[in-house]
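Chain by chain, the residues:
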Amino acid sequence: AQTVTQSQPEMSVQEAETVTLSCTYDTSENNYYLFWYKQPPSRQMILVIRQEAYKQQNATENRFSVNFQKAAKSFSLKISDSQLGDTAMYFCAFMMMDSSYKLIFGSGTRLLVRP
Amino acid sequence: DVKVTQSSRYLVKRTGEKVFLECVQDMDHENMFWYRQDPGLGLRLIYFSYDVKMKEKGDIPEGYSVSREKKERFSLILESASTNQTSMYLCASSLSRGVGQPQHFGDGTRLSIL
């Protein structure tokens, strides 16, 4: 069975600095997708970034980028130039490349951006 | 933009009651999901549906059932609510065309069972 581990329950960062959130996963599959989702205090979960396992290039989305290490089964999220609006719970998630469409989530990291 | 709407933000019910949580999406998505979110546990899948009248159990289906009579609506039912079902419930939807489609979430329903 696939599992997703986020080892940092809470993190904080000064506004305008860079922070990296860790995620590791366990799977025997070769093809899959990885996601980072953000859940601000208002609670709606929104997609931050998506990575296809068969692509070696790390995904980027404005200030958000990932460091995808397939062999190490690691998928960290880097937030550059942190803003107060980045304060949220961040969830790493795994999806197999089959017809199930199911996501397996980590336990989340609560990020606080300090002014 | 995809809109996933959950009928209630907050709900308080009593032990033993039958509870209905409703979810509607407006983007003609085939797949719909119900999760519960608990601190330190992340999101856990209760049930999902990939078509009208089709449903599959997720990781924690015990004590829950679902209904999908129309494509846009997916209901979660707590047959006889218990205090251990106090939680945040999130509904999501996604396309089935193409793999790796992201899920889109509603605002969540914080359910308290007294």
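Only a predicted model underlies this, so the values are computations on that prediction, with no experimental measurement involved.

S.K.: Got a minute to help me understand the overall build of chain A in this structure?
M.R.: Scanning chain A from terminus to terminus reveals zero helices and 12 strands. N-terminal to C-terminal, the α/β element order of chain A is β-β-β-β-β-β-β-β-β-β-β-β. Relative to its length of 115 residues, chain A is compact, with a C-alpha radius of gyration of 14 Å against a globular reference of 13 Å. Overall, chain A is about 40 × 25 × 20 Å in size when its C-alpha atoms are taken along their principal axes. In chain A, which comprises 115 residues, the share counted as buried stands at 49%. Within chain A, contacts between residues separated by at least 24 positions form 54% of all contacts whose residues are at least 6 apart in sequence.

S.K.: It is not clear to me how the environment of Val12 of chain B should be interpreted in this structure. Could you clarify?
M.R.: Residues and elements named next belong to chain B. Inspection of the secondary structure puts Val12 in strand β2 (residues 10-13). Considering only alpha carbons, one finds Val12 and Asp26, 14 residues apart in sequence, at a separation of 27 Å. Sequence-distant contacts of Val12, defined by excluding residues within four places in its chain, comprise Ser112 and Leu114.

S.K.: How should I be thinking about the interface of chain B and chain A in this particular structure?
M.R.: Quoted interface sizes are often the accessible area lost when the parts come together. Taken together, the contacts link 25 residues of chain B with 21 residues of chain A. Summed over both partners, the interface of chain B with chain A buries about 1,900 Å², with 54% contributed by carbon and sulfur atoms. On the chain B side of the interface with chain A, the three residues burying the most area are Val99, Gly100 and Phe105 of chain B, jointly 25% of the side's total. Put simply, chain B and chain A have zero salt bridges between them. Secondary-structure elements contributing two or more residues to the side of chain B that touches chain A are β4 (31-38), β5 (42-51) and β9 (87-94) of chain B. Classifying every residue of the side of chain B that touches chain A gives 12 nonpolar, 10 polar and three charged.

S.K.: Please clarify how the sheet that holds strand β8 (residues 73-78) of chain B should be interpreted in this entry.
M.R.: Across a sheet, strands are paired by hydrogen bonds formed along the backbone, either parallel or antiparallel in direction. Residue and element names in this part refer to chain B. Here four strands make up an open sheet; going across it, the order is β1-β3-β8-β7 and the pairing antiparallel. Of all the strands in the sheet, the pair left with one neighbour each is β1 (4-6) and β7 (64-70). Across this sheet, the average inter-strand angle for adjacent strands is 20°, counted without regard to direction. As judged from the six bridges shared by strand β3 (residues 19-25) and β8, these two strands associate in the antiparallel manner. By the bridge assignment for β8, Val24 is matched with Arg73.

Criteria and cut-off values
- Residues numbered from 1 in each chain as written.
- Chains lettered and ligands numbered in written order.
- Predicted model: local features only at pLDDT ≥ 70, side-chain atom pairs only at ≥ 80, totals over all residues.
- Heavy atoms only, no water.
- Helix = DSSP H or I, 4+ residues; strand = E, 2+ residues; numbered from the N terminus.
- Rg over C-alpha atoms; globule rule 2.2 N^0.38 Å.
- Buried < 20%, exposed > 50% of the residue type's maximum accessible area, 1.4 Å probe, protein only.
- Contact = heavy atoms within 4.5 Å.
- Buried area = accessible area lost by both parts, 1.4 Å probe.
- Salt bridge = Lys/Arg side-chain N within 4 Å of Asp/Glu carboxyl O.
- Nonpolar A, V, L, I, M, F, W, Y, C, P; charged D, E, K, R; others polar.
- Pairing = 2+ DSSP bridges.
- Axes fitted to C-alpha atoms, helices over the stretch in contact; angles between N-to-C directions.

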